[in-house]
Amino acid sequence: MAESVAPRLRNLPSVDVVLKTEIADVLRGQYGRMAATDAIRAELEEARAACRAGAEPPEAEDVAIKALRRLDTANKTSLRPVFNLTGTVLHTNLGRAVLAEAAIEAATIAMREAVALEFDVAAGERGERDDHVRALLCELTGAEDATLVNNNAAAVLLVLNSLALGRDAIVSRGELIEIGGSFRMPDIMARAGTKLVEVGTTNRTHPRDYADAIGPETGLVLKVHTSNYRIQGFTAEVDASELADIAHKANVPLVHDLGSGTLVDLSRYGIEKEPTVHDTVLAGTDIVTFSGDKLLGGPQAGYIAGKRELIARINKNPLKRALRVDKIRLAAIEATLKLYRDPDRLAERLPTLRFLARTQEEIAAQARRVLDHVTRAIGPDFAVEICACNSQIGSGALPLATIPSAGLAIRAYTRGGMLEKLSARLRALPVPVIGRIEDDALRLDLRCLADEEAFMVEMAEGIT
Ligand SMILES: *Cc1c(COP(=O)(O)O)cnc(C)c1O
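Residues numbered from 1 in each chain as written. Predicted model: local features only at pLDDT ≥ 70, side-chain atom pairs only at ≥ 80, totals over all residues. Heavy atoms only, no water.

J.: Residue-level account of the site of the ligand, with values.
T.: Looking at the ligand, there are 13 residues lining it, with Ala153, Ser227, Asp257, Ser291 and Lys294 nearest. Within the side chain of Lys294, a nitrogen or oxygen atom sits 2.8 Å from an oxygen atom of the ligand. Protein chains bury 95% of the 380 Å² of accessible surface belonging to the ligand in isolation. For the shell around the ligand, the elements supplying multiple residues, two or more each, are helix 8 (152-163) and strand 10 (254-259). Of the residues belonging to the shell around the ligand, the class tally is four nonpolar, six polar and three charged. (Near = heavy atom within 4 Å. Polar contact = N/O pair within 3.5 Å; in protein donor to acceptor, adjacent residues only side chain to side chain. Areas by Shrake-Rupley, 256 points an atom, 1.4 Å probe, with all protein chains shown as cover. Helix = DSSP H or I, 4+ residues; strand = E, 2+ residues; numbered from the N terminus. Nonpolar A, V, L, I, M, F, W, Y, C, P; charged D, E, K, R; others polar.)

Structure follows, in structure tokens:
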């Protein structure tokens, strides 16, 4: 055996020979000399092992091609675009809100140029980062003052730590939420240095529960929007305006974590009405916190709006510096918020609202347009038909609300994990297609299919 292996190994091209091939020029040009040499070495190592196992030695060109493929694969963007056909518009695992063009342009400029981030251009002096959006936020929420941080989880942490460090925060037992990614209200409170005082029961909390719990140690009363669940049946909660009265009588602030937080009445766009941030401020809430990338449709951010004196205390907290937003996002946020000044054209310009506002007929028409392409692409083992389905908003916003939608339902003619395999093939495409398997069908909800052209091209190229 040793006699037959040795000549094969001897016939393996050397690194230098592979580096002299034409493909190696491409390799070097694209990835640099070091990476090219390393990739060739790695390929030769594998070829050597294959020779020992009985394979014939490869040509130098083949080694170079393999090395190029190796680097192409390693160089693929990990955070890549996908077709979100899950039916969940704000899919946390797929990056939540898709940004408006105006926001993308603003962010691009902020990336490319020096910008007046903390510089008052008129006065030639140091300025404030928050000033770019403070007035806009006040205008849109009706609050006296506002600030922003990395996300709403950070906003809640910062508010609790600023206003109730070492003191009590009173919360209803019905509102001790856990949202995805291990954000649990009791844990956040502990980390914020706030003592949690639970009042009421899981299903019912009354005004007197809060009033009885307020004492000299109380730092604030917290109301939390139960974003991702609903308690139904025999229930009672104290609404924001009544709770504001109770808190104010005792001279403590009412903080409301609104979660998704919308700036406009969604019923305009055919979606169930949620109290807007403005409604919440009007109810007498002292501080409202809400997310930037849920229903608001902008970049990830956590907004804090409310009383001037409380915002000043929050801004003085050193944690604020640790949680601040960078210039790229700030630029995109300013552009997104400005779109809200023209509610009539908001649904056109803000992708989140545009997706949510699409009618079932419109989506069904799109399903008819793509049906043949998809049927041909997935081959003869499956039946594809247009189906009605229900989209969700996602990100814990309006958890029970579903929006009538349409798409394609794909069923396999035979059993044996055919649908799972098809689902994996669709995910392996250059732009992965993400659907959901439900009732023995792979469903592609087309509500969020914006680039129909690109989807058709990908389908036309076929699925391997
Ligand atoms: C989503 C949510 C949060 C967290 O917001 P992020 O912006 O995701 O950090 C906090 N509280 C409530 C009630 C939420 O719904």
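From this point, the discussion proceeds with the structure in view.
J.: Describe a negative patch on the surface, with residues and values.
T.: A contiguous patch of negative charge on the surface is contributed by Glu22, Glu59, Glu61 and Asp62. Relative to the assigned elements, Glu59 resides in the loop between helix 4 (33-52) and helix 5 (60-75). With a relative accessible area of 53%, Glu59 lands in the exposed category. (Patch = residues over 30% accessible without salt bridge, like charges linked within 9 Å, V, L, I, M, F, W, Y side chains within 5 Å. Salt bridge = Lys/Arg side-chain N within 4 Å of Asp/Glu carboxyl O. Lys, Arg positive; Asp, Glu negative; His and termini not counted. Charge placed at Lys NZ, Arg CZ, Asp CG, Glu CD. Buried < 20%, exposed > 50% of the residue type's maximum accessible area, 1.4 Å probe, protein only.)

J.: Provide a residue-level description of helix 18 (residues 360-378), including the pertinent values.
T.: Structural remark: α-helix, 3.6 residues per turn; residues separated by three or four positions point the same way. If you look at helix 18, its biggest bend is around 45°, right at Val370. Positioned one or two residues after helix 18, Gly379 has a phi angle of 90°, which is positive. (Bend = angle between axes of the 7 residues up to and from the residue.)

J.: Let's hear about unusual backbone geometry: which residues, and what values?
T.: One non-glycine residue, Arg96, lies in positive phi territory at about 55°. When you line up the elements, Arg96 lands in the loop between strand 1 (83-84) and helix 6 (101-112). Residue Asn251 is not a glycine yet carries a positive backbone phi of 65°. Relative to the helices and strands, Asn251 resides in the loop between helix 11 (240-249) and strand 10.

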